[in-house]
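Listed here are the chains, written in short residue letters.
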Amino acid sequence: MSDVTVPGAARTGWDRVTPAPVPFHRLLLVEARKMADTRSAMIMFGLLAAMTVVSIAARGVVAGPELTRLTTTAGIGYGTLLPAIAILAVTGDWTHRSALTTFTLEPRRGRVLAARCLPPLAATVAASLFALVVAVPATAVTAAVQGVPAEWDITVPRMLGWTATNVLLIAMAIAFAMLLLHPAAAIATYFVLGTLWNLARNLSETGREIARWVDLGTAVGPLATAELTWMDAARLGTALLCSVALPLAIGVVRALRAEVR
Amino acid sequence: MIEFKSVCKDYKGVRALDEVSFTVEPGSVTGFLGPNGAGKTTALRILLGLSRPTSGTATIFGRPYRELEAPGWHVGALLDANAQHPGRTGREILTLGAMTLGLPRSRVDEVLELVGLTEREARRIFRGYSLGMRQRLGIAHALLARPRVLVFDEPANGLDPQGIHWLRGLLRELADAGCAVLLSSHLLAEVERIADRVVVIGRGRVLAQGTLDELGRGRDLERVFLELTAEADRRAA
C-alpha cells in the first residue's frame, strides 16, 4: 500500500517497516506513558513520593521503629493521590478530547481501554513496594536514633494483603472514572461515596452489614490485615462486583458505543 | 480511495447527513465546503470510525475505517487541532503517536521539521501554543506514518499568511505524490487555490461536486457557494 514518497520521509529508512496493527504491548506502553507525561501528572507523582517519605519518617518518630506500621502509613497518600492519578489517567483522553487522535490511530477501542486500566494498577503495586523500600531504612534509622530495638514484624501475607488492598481500591477509582468519564465527577464520587459508606456503617447495624457486602472500602478491611476468612472473601467478591465490575462494565460498553467528539 | 456511499446520520430524529455520496481520488486535493453546521465534521468523524452512520457506508481503500488492518499507517487525520492535553509538550504528543505506530523517534524530528516547528517550540507545553502552532502540530501528527490518505478538518484556521502559503505547498506536494487529500474548510478563497475538486454540502446534503471549472463556469467559488447554500436554505424553509 505504501509505495508513495511523502515529503520529509525516507531519510532514516524506517519506511521499510511494514504497516501492522498496533500490538497490545505497545498500547500498554503508550497508555503508561500518558499517565505520567503531563505537567500535572509529574507534579502529582512527585507529591506522592514526597508524601510517602515524609509520612513514613514522621510515623517513625511518633510510633517507633515498627516496619509494618511504617510501611502501611504510606496508605494515607495512596488513598488520596493515587485514586486521583488513576482517575485522571482514565478520563484525560475524554476531557481533553485527544480521544479523537487515540481512536483514529487505534479504532479497536476495547484494546485501548484495557491498556489504559492497567498502568494505574501497576503503579499502585510499585508504590506499595516503594513504601516498603522507604520504611526499611526509616525503621533502622528510627531504631538507631531512639536507641530502641527495631521491629521487623512485616510478613509476606500482610504485605501482599496490603498491596492487594491498594490495588483493589485503585481498581474502584478506575471503574468510577470509566463510568463517569469526567475527572471532577469521578474524584468527587469516589471520596463522597467513601464518606457516605462510613456514615452508613456507623449509623446502623443494617448499614454496616450492607457496607460489608457492597462497599469495597469496607470489604477490603480484612484483606488489608491479611485476616481474610471465607466469609470475608465472599463479601469481598460481592463488593468487587458492585463497586468495580458493574461500573466498569457499564462504562466500557458506553465508551465502545460512544460518538467520539 | 475515499468513498462515501449514501451516508445518512440521524441525531434524535434530526437528519444531520442525508444521502451523502462522493469520492476522493488519489493524487487530488478535494475541498469539502459547507456553512457551519452543514455536517462536514460529522461526515469526517464517520469516515474515521469515530461515529457510526445511521445508514450507508464510508470507506477508505474499499473498507470501513474500523476494518482497516493498520489504519494509522494508511490514513492521517487532523480533526481538531485543539483536542490535545494542555499539559503535554508538542514533542511528547508526536512521540506518543510515533510509539503507537512503532516508528523510530527520529521520525518525530522529521515531521517537526516538515511543519516548521522549532525544537524550542516542540519542547513547550501545548497550553501555550497558538492556534497556528496547534494546526502545524496536528498536521505533523497526521503525517507521522507517511499515510496515503489525508483528512483535515479546517487545517487553515489560525494559520498566518505564511502558514497558509506553506500549507498550500504541502497539500500540493502530497497530492502530487499520489495521496488522496480531503480537507474541509470555509475559507473559500483558500480552497479555490488549493483544491482540484470541491464537494459542497449544506443542511446535510451534497449540493454540488466537481472540479472548480465544472462548478464555477467562470464565476468565483464564493458566488457559487452562496447560491447553492441559499437555495438549500430556501428548500428547507
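The rules behind these values
- Per chain, the residues get numbers from 1 upward, laid out in the order the sequence is written.
- Labels are handed out in written order, letters beginning with A for the chains and numbers beginning with 1 for the ligands.
- The predicted origin of the model limits local features to residues at a pLDDT of at least 70 and limits the giving and counting of side-chain atom pairs to 80 or more, whereas totals for whole chains, interfaces and linings rest on all residues.
- Numbering of helices and strands runs from the N terminus; a helix is a DSSP stretch of H or I covering at least four residues, while a strand is a stretch of E covering at least two.
- The size measure is the radius of gyration over C-alpha atoms, and the globule rule it meets is 2.2 Å times the number of residues to the 0.38 power.
- Once C-beta atoms are placed from the backbone, each residue is buried if 20 or more other C-beta atoms lie within 10 Å of its own, exposed if 12 or fewer, and partly exposed for counts between those two.
- What counts as a contact is two residues whose backbone-derived C-beta atoms lie within 7 Å of each other.
- When DSSP finds two or more bridges between a pair of strands, those strands are recorded as paired.
- For helices, the fitted axis covers only the stretch in contact; all axes are lines through C-alpha atoms, and the angles between them, taken along N-to-C directions, range from 0 to 180 degrees.
- These descriptions rest on fixed angle ranges, namely under 35 degrees for roughly parallel, over 145 for roughly antiparallel, 65 to 115 for roughly perpendicular, and the rest for oblique.
- A crossing counts as left-handed when the near helix is turned anticlockwise from the far one by less than a right angle, and as right-handed when that turn is clockwise.
- Following the grouping adopted for this structure description, the nonpolar residues are Ala, Val, Leu, Ile, Met, Phe, Trp, Tyr, Cys and Pro, the charged ones are Asp, Glu, Lys and Arg, and the polar ones are all others, Gly among them.
- Put simply, a nonpolar core is a cluster of buried Ala, Val, Leu, Ile, Met, Phe, Trp, Tyr and Cys residues tied together by C-beta atoms within 7 Å.
- The pLDDT score gives, residue by residue, the confidence of the prediction method on a 0 to 100 scale.
- Residue count minus one, scaled by 1.5 Å, sets the expected span of a helix.
- To get the bend at a residue, fit one axis to the 7 residues ending there and another to the 7 starting there, then take the angle between the axes.

Colleague: Talk me through the overall build of chain B; I want residue IDs and the actual numbers.
Modeller: Check the secondary structure of chain B and you find ten helices and nine strands. In summary, chain B has a C-alpha radius of gyration of 18 Å against a globular reference of 18 Å for 237 residues, a match within 12%. Taken along its principal axes, the extent of the C-alpha atoms in chain B is 50 × 40 × 30 Å. In chain B, which comprises 237 residues, the share counted as buried stands at 52%. Pairs at least 24 residues apart make up 71% of the contacts formed inside chain B by residues separated by at least 6 positions.

Colleague: Can you tell me about the overall build of chain A, naming the residues and giving the values?
Modeller: When its secondary structure is counted, chain A shows twelve helices and zero strands. Tracing chain A from N to C terminus, the helices and strands come up as α-α-α-α-α-α-α-α-α-α-α-α. Taking the principal axes of its C-alpha atoms as reference, chain A extends roughly 75 × 50 × 30 Å. Taking all 261 residues of chain A together, 41% fall into the buried category.

Colleague: Explain the sheet that holds strand β4 (residues 55–60) of chain B to me, using residue names and the numbers behind them.
Modeller: All names here are of chain B. Spatial ordering of the open sheet is given by β2-β1-β4, a layout of three strands whose pairing is antiparallel. The open sheet has two free edges, formed respectively by β2 (14–24) and β4, since each of these has just one partner strand. Each strand of the sheet is rotated relative to its neighbour by a mean of 20°, with strand direction disregarded. Relative to β2, strand β1 (residues 2–11) runs antiparallel, the two sharing seven bridges. By the bridge assignment for β2, Ile-2 is matched with Val-24. Each of β1, β2 and β4 touches helix α1 (residues 40–47); the most contacted strand, β1, lies at about 115° to it.

Colleague: Explain the sheet that holds strand β7 (residues 180–185) of chain B to me, using residue names and the numbers behind them.
Modeller: Residue and element names in this part refer to chain B. Reading across the sheet, the six strands line up as β5-β6-β7-β3-β8-β9 and stay open at both edges, with mixed pairing between neighbours. Edge strands, defined here as strands with exactly one partner in the open sheet, are β5 (75–78) and β9 (205–211). Shown here is a sheet whose adjacent strand axes are inclined to one another by a mean of 15°, direction ignored. Alignment of strand β3 (residues 28–33) against strand β8 (residues 197–202), held across four bridges, turns out to be parallel. Residue Gly-31 lies in a different strand from β8, and its bridge partner there is Val-198.

Colleague: Provide a residue-level description of the environment of A:Ile210, including the pertinent values.
Modeller: Within the secondary structure layout, A:Ile210 lies in helix α9 (residues 205–214). On a C-alpha basis, the gap between A:Ile210 and A:Ala249 in space is 22 Å, while along the polypeptide they are 39 residues apart.

Colleague: Quick one: what's the story with the packing of helix α4 (residues 75–95) of chain A against helix α8 (residues 183–203) of chain A, residue by residue and with numbers?
Modeller: Residues and elements named next belong to chain A. α8 packs onto α4 with a crossing angle of 150° between their chain directions and a minimal axis gap of 9 Å. Taken as axis vectors, α4 and α8 run roughly antiparallel relative to one another. In this structure, α4 crosses over α8, and the sense of that crossing is right-handed. Here Pro-83, Ala-84, Ile-87, Leu-88, Thr-91 and Thr-95 of α4 lie close against α8, whose contacting residues are Pro-183, Ala-186, Ile-187 and Tyr-190. Across the contact of α4 with α8, the residue classes break down as eight nonpolar, two polar and no charged.

Colleague: Got a sec to walk through the nonpolar core? Specific residues and values, please.
Modeller: With 91 residues, the main nonpolar core has B:Leu47, B:Ala140, B:Val149, B:Val151, B:Val181 and B:Ile201 as its most contacted residues. When residues no more than four places from it in sequence are discounted, the contact partners of B:Ile201 are B:Val20, B:Phe32, B:Leu33, B:Gly34, B:Ala38, B:Gly39, B:Lys40, B:Val206 and B:Leu207. Formed by 48 residues, the second largest nonpolar core is a distinct cluster that contains A:Leu67, A:Leu180, A:Ala219 and A:Val244.

Colleague: Just give me the short version of the confidence of the model for chain A, but keep the residues and values in it.
Modeller: Close inspection of predicted coordinates is inappropriate for parts of the model with low pLDDT. Residue and element names in this part refer to chain A. Residues of chain A with pLDDT of at least 70 account for 93%, and the chain-wide mean is 91. Mean pLDDT across the elements of chain A ranges from a minimum in helix α11 (residues 221–224), with 90, to a maximum in helix α1 (residues 24–36), with 97. With pLDDT under 50 throughout, residues 1–14 is counted as low confidence; its partners more than four residues away or in other chains account for 33 contacts.

Colleague: Explain the interface of chain B and chain A to me, using residue names and the numbers behind them.
Modeller: Chain B puts 46 residues into the contact, and the matching count from chain A is 39 residues. Of all elements in the fold, only α2 (71–74), α3 (90–101), α4 (106–115) and α7 (161–176) of chain B reach the threshold of two or more residues within the side of chain B that touches chain A. A breakdown of the residues in the side of chain B that touches chain A according to their chemical character gives 22 nonpolar, 13 polar and eleven charged.

Colleague: Describe helix α12 (residues 230–257) of chain A, listing the residues and the values that go with them.
Modeller: All names here are of chain A. For α12, spanning 28 residues, the distance from its first C-alpha to its last is 39 Å, which sits close to the expected 40 Å at 1.5 Å a residue. Largest kink in α12: about 35°, centred on Leu-241. Listing the buried residues of α12 in full gives Arg-235, Leu-236, Ala-239, Ser-243, Val-244, Pro-247, Leu-248, Gly-251 and Ala-255. On its buried face, α12 is in contact with α6 (109–146), α7 (156–180), α9, α10 (216–219) and α11.

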